[in-house]
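Geometric and topological summary
What follows is each chain in one-letter form.
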Amino acid sequence: MARQGSGAMLVSGGLGFPPQNVARVVVWEWLNEHGRWRPYSAAVCHHIENVLKEDARGSVVLGQVDVQLAPYVIDLQSMHQFRQDTGTMRPVRRNFYDPSSAPGKGIVWEWENDNNSWTPYDMDICITIQNAYEKQHPWLDLSSLGFCYLIYFSSMSQMNRQTQRKRRLRRRMDLAYPLTMGSIPKSQSWPVGASTGTPCSCPQCLLVNSTRAASNAILASQRRKLYPGAVRQSSTFAGAALWPAGTAAPPVVAGGTAKGEGLRVAAGFGPGQGVPSAALPGLNNLNRPGTQRGAGLGARAAVPPGVPALPVKNLNGTGPVHPALAGMTGILMCAAGLPVCLTRAPKPILHPPPVSKSDIKPVPGVNGICRKTKKKQLKKSKTPEDVVRRYIQKVKNPPDEDCTICMERLVTSSGYEGVLSPRGIKPELVGKLGKCGHMYHLLCLLAMYNNGNKDGSLQCPTCKAIYGEKTGTQPPGKMEFHLIPHSLPGYTDSKTIRIVYDIPTGIQGPEHPNPGKKFTARGFPRHCYLPDNEKGRKVLKLLIVAWDRRLIFTIGTSNTTGESDTVVWNEIHHKTEFGSNLTGHGYPDPNYLDNVLAELLAQGVSEATLKD
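Rules used in this analysis
Residues numbered from 1 in each chain as written. Predicted model: local features only at pLDDT ≥ 70, side-chain atom pairs only at ≥ 80, totals over all residues. Heavy atoms only, no water. Pairing = 2+ DSSP bridges. Helix = DSSP H or I, 4+ residues; strand = E, 2+ residues; numbered from the N terminus. Axes fitted to C-alpha atoms, helices over the stretch in contact; angles between N-to-C directions. Contact = heavy atoms within 4.5 Å. Phe/Tyr/Trp six-rings, centres within 6.5 Å; stacked < 30°, edge-to-face > 60°. Buried < 20%, exposed > 50% of the residue type's maximum accessible area, 1.4 Å probe, protein only. Polar contact = N/O pair within 3.5 Å; in protein donor to acceptor, adjacent residues only side chain to side chain.

1. Details of the sheet that holds strand β27 (residues 526–531)
One open sheet accounts for 4 strands, arranged β17-β23-β24-β27; its pairing is antiparallel. Edge positions in the open sheet fall to β17 (370–373) and β27, since each of these has one partner strand only. Across the sheet, the mean angle from the axis of one strand to that of its neighbour is 15°, orientation sign disregarded. Pairing of strand β24 (residues 496–502) with β27, which is carried by 6 bridges, proceeds in the antiparallel orientation. By the bridge assignment for β27, Arg-498 is matched with Tyr-529. Each of β17, β23 (477–484), β24 and β27 touches helix α9 (residues 534–548); the most contacted strand, β23, lies at about 170° to it.

2. A short note on the packing of aromatic side chains
Under the criterion given, the structure shown has 15 aromatic pairs. Taking 5.3 Å as the distance between ring centres and 70° as the angle between the ring planes, the aromatic pair formed by Trp-109 and Tyr-133 counts as edge-to-face. With a gap of 24 residues between them, Trp-109 in strand β8 (residues 107–112) and Tyr-133 in helix α3 (residues 123–134) connect regions that are remote in the sequence. Judged by its relative accessible area of 0%, Trp-109 is buried.

3. Quick word on the sheet that holds strand β18 (residues 392–395)
Pairing is antiparallel across the open sheet formed by 3 strands, whose spatial order is β18-β19-β20. Pairing within the sheet leaves two strands with one partner each, and these edge strands are β18 and β20 (439–441). Geometrically, the sheet is characterised by an average inter-axis angle of 40° between neighbouring strands, direction not taken into account. Sitting on the sheet, helix α7 (residues 384–391) touches β18 and β19 (430–433), and the angle it makes with β18 is about 80°.

4. Digging into the environment of Tyr-40
Structurally, Tyr-40 is set in the loop between β3 (37–39) and α1 (42–54). A polar side-chain atom of Tyr-40 sits 2.5 Å from a polar atom in the side chain of Gln-81.

5. A word on unusual backbone geometry
Excluding glycine, residues mostly have negative phi values, and the peptide bonds linking residues are mostly trans. The step from Phe-524 to Pro-525 runs through a cis peptide bond, and the omega angle for that step is 0°. Position of Pro-525 among the secondary structure elements: in the loop between β26 (518–519) and β27. Of note, the amide linkage connecting Tyr-587 to Pro-588 takes the cis form, showing an omega dihedral of 5°. The backbone phi angle of Lys-464 is positive, close to 70°, even though this residue is not glycine. Residue placement: Lys-464 occurs in the loop between β21 (458–459) and β22 (466–467). The partly exposed category is assigned to Lys-464, whose relative accessible area is 30%. Despite not being glycine, Arg-550 has its phi angle at roughly 65°, a positive value.

Just geometry here; none of it tells us what the structure is for.
What follows is the structure in structure tokens.
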């Protein structure tokens, strides 16, 4: 197996700038919700660089170069991307790469997503793939980058090593990313400088200018919390111009919502007075809970007669104003110098009330209260060649169609000819899987099996039909389950089944992405909940089977933190929120039990398993 080429990426922290008199390719990137830096297209990066040359403190309207990015604006001073219709903010960065790497040549590697459209790889992965491609490696293992994928250049496909699912990938030529030379002092914000360009008066740019001031005000509110003291008020809008002289600003109140932040404008603070502090824990998402109310909200002031109150209120489900509109209203009012404070969103109820040991009971109809798994014992099973032969029937006259593993025609030799040399399997042999009837080169099926868990089972890469008993790569741990005398939302007539998973840290085995390397286990013990009814007990029994087969967890990269070599969920969803559903992992959810039964079936765990 080929290893990825030496990456040519030159990562710089913060804003980062290239060494003086050294040419570097500039790639602008934004941080997604999974902690991954995603590159903008080359055209967008050229546009950002052009704006940067004119005004290092300006704003970049991305819709001017890409219609699909019309709602987005980048504020160069705060280095954040702002979405105008929702108020979401994400960090951006200016990264540098070698001119001879993929972005410098205008080469883009993309994979086909579930919508049959193409998604570009992260830039470091794109560079790694291009390096391996230029060295004419037949395949590439991405596990060292934290991804359990194999890249096959002969078939131009990507395969998940755990699920065996394959996706197409492609290499295309695009505009080369911009080139820059010289150096600028490293900083957390752009140097202060006067704008040399003439301000645009179009409606979108006017909104952008107000958005810039809004984001600056939010950043200032964060600094106020860290460094108490007087803060210069925003001068984008003059408070006196909004209301007659001598009058105070009308009071505005907006209650918190379940999904985002509400707004609460303190009565008693006019445009010329101090603003109560309101700080955000993070600026990558304005809708993230955790903000704090400033002092002085209880103070009241008389509202001058004839000044109407703005109708932004009652946003807890009964008001006529959409939360996104309320968020934009608050941001623009903040830019106007009005005192705005973000209220704390409701917190999820993750755990039930305390339960005494005497109230904890076994689940009716389920044997025991605990299951343990140990290290995987390597069975002295049949050879990979024997496993493949067990589930296929040889086809003497194969049809003239593609083998979906190697993408070569079935009437020709397998794309793995020369890569694998097994005994008794010729590269032109074709077999048909017994249940589903899909046909592949025997050599391709052998390569797929060797790249998997080698547990004696096969899974059809086309229809996902499972042959044999599929097992996973779950590390050793313990699963407990019992009944507690509390009800879940939506199941008031039933008690609750509580499942407790506990997996300690350890060393990866030969079936894991990086054998011999330590893996972490964050967030354990993990508590999950099911209703104590007939279907809930059925799900529990099947989850126990999945646990015994090591299918509940695996070792990979966390979608939440981006950490690699850590224990993660393995495509079987669990409810970890007991008394609410603010995160989407709680109740009520009338479709959850049916959905998890379908996920278990996709792993080969069905009701028929319980009858065996």
